[in-house]
Amino acid sequence: MSYKQRTIDFIEIEWATYIERFNRLPVDEGNRRVKKQGYAQFRDMLAHVLAWWEEALPIILAIAEEREYERRKYDFDVFNAGAIEKYKGWDEAEFLTHFEKMRQKAAADLKSMNEAAWENRRVRSWVNGIFIHHAREHLVALSRFLTLDTLENEWAVYIEKFETVEDKGAFLKKQGVENFRELLGHVIAWWEEGERIVTGIWKDPNFKWQDMDTDAFNAELIVKYKKLSDAEAQKQFESKRQAMIKLVNDLPADVFANRDIESWLAADVVEHFDEHAIHA
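Residues numbered from 1 in each chain as written. Predicted model: local features only at pLDDT ≥ 70, side-chain atom pairs only at ≥ 80, totals over all residues. Heavy atoms only, no water.

1. As for helix α10 (residues 168–175)
- F171, L172 and Q175 are the residues of α10 that are buried. The arc that holds every buried residue of α10, seen down its axis, measures 95 degrees, which confines them to one face. Those residues of α10 that are exposed and angled more than 90 degrees off the buried face are K173 and K174.
- Residues of α10 that are buried make contact with α9 (158–162), α11 (180–203) and α14 (259–275).
- Backbone geometry just after α10 places G176 at a positive phi near 80 degrees. (Buried < 20%, exposed > 50% of the residue type's maximum accessible area, 1.4 Å probe, protein only. Helix = DSSP H or I, 4+ residues; strand = E, 2+ residues; numbered from the N terminus. Arc of directions from axis to C-beta. Contact = heavy atoms within 4.5 Å.)

Here is the structure:
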């Protein structure tokens, strides 16, 4: 899949169902998730997302068309507070209509952008930050789409991206491991645990699991994967990634409404990626 098509899919699938998925949550649970994100209400988070779309689109198009545009240094706290304030007085229906119109405009504008622009590093940086990474950052109700995208596009190039890291030792130290195979082992083992629990819940309504000592579990993984070769660890990583893709594809649509399954997949696949993200 091209980077362009991936971006369009985010706008037309992930963001198109974002509000609907949130509204399926029980009110108390929805409020809890929004407050965890640092917002008083869901509408404030939508205002934040919308404001960045409105900010980014003219810049992306200007870069694509090789036009000048105003370059700004952002005080993110000020910008985000201004976004909430901007839409504070809007009628709810009017605000939601505007959000949807802007989403459709984003899709149309990006579809019309010349193909060469999609290879521009600055275009990709803005697109990734505003439409792709933002969806993971503000995950409040997991979708099959976002789960698969993270497995098929982010985790798929994780090993490759590690090879581009200049100071590998500093990166690994920050991750709390001595070598890359230990980090891969950490990811593999949590995928295995997540797969076991998600499958158990899906197939048996009475399935129970015990919470584990996370620190002890992680320590055991380091010892286990220290013994493997780099090649074997990478082989196991790719095998388990493919297994997770199959699992997510096989799950019935209604299973994503199960909060236990959703939380395991969100933590194991999406949030875990950004926790160990390689910025190279």
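2. Some details on the pattern of salt bridges
- With the rule as written, the count across this model stands at 25 salt bridges.
- Residues R6 and D149 are paired through a salt bridge, measuring 2.8 Å at the closest nitrogen-oxygen approach. Remark: D149 occurs in helix α8 (residues 144–154) and R6 occurs in helix α1 (residues 3–14); sequence separation between them is 143 residues.
- Judged by relative accessible area, which is 8%, R6 ranks as buried.
- What makes D149 buried here is its relative accessible area of 5%.
- Note that D250 is salt-bridged to K246, the shortest N-O span being 2.6 Å. Of this pair, D250 and K246 both sit in helix α13 (residues 230–250), 4 residues apart, which is roughly one turn of that helix.
- Taking the relative accessible area as the measure of exposure, D250 reaches 38% and is therefore partly exposed.
- Among the charged side chains, a salt-bridge network with shared partners connects R6, R136, D149, E154 and D274. (Salt bridge = Lys/Arg side-chain N within 4 Å of Asp/Glu carboxyl O.)

3. A word on the environment of H276
- Inspection of the secondary structure puts H276 in the segment after α14.
- The exposure class of H276 is buried, given its relative accessible area of 5%.
- Note: C-alpha distance between H276 and V187 (89 residues apart in sequence) is 9.2 Å.
- Those residues in contact with H276, other than ones at most four positions away along the chain, are Y158, F171, Q175, L183 and H186.
- Side chain to side chain, H276 and H186 meet in a polar contact 3.3 Å long. (Polar contact = N/O pair within 3.5 Å; in protein donor to acceptor, adjacent residues only side chain to side chain.)

4. Quick notes on the environment of A267
- Topologically, A267 is positioned in helix α14.
- The sequence separation of A267 and G194 amounts to 73 residues, and the corresponding C-alpha distance is 9.0 Å.

5. Digging into unusual backbone geometry
- Not every positive phi belongs to a glycine, and E66 is a case in point at roughly 60 degrees.
- Following the sequence through the fold, E66 ends up in the loop between α4 (42–64) and α5 (76–86).
- Classification of E66 as exposed rests on a relative accessible area of 76%.

6. Some points on the packing of aromatic side chains
- Taken as a whole and assessed by the stated rule, the structure comprises 28 aromatic pairs.
- These aromatic residues form a ring-pair network of at least three members: W155, Y158, F162, F171, F180, W191, F237 and F273.
- Directly above the aromatic system of F95 lies the positively charged group of R43, at a separation of 4.7 Å from the ring centroid.
- The lysine or arginine in question, R124, covers the ring of Y3, its NZ or CZ lying 4.2 Å from the ring centre. (Phe/Tyr/Trp six-rings, centres within 6.5 Å; stacked < 30°, edge-to-face > 60°. Lys NZ or Arg CZ within 6 Å of the ring centre and 35° of its normal.)

7. Some remarks on the side chain of T7
- Positionally, T7 belongs in helix α1.
- The exposure class assigned to T7 is buried, which follows from its relative accessible area of 0%.
- Look past the residues within four positions of T7 in its chain and what remains in contact with it is L110, W118, V127, F131 and I132.

Honestly, it's all geometry; don't read function into it.
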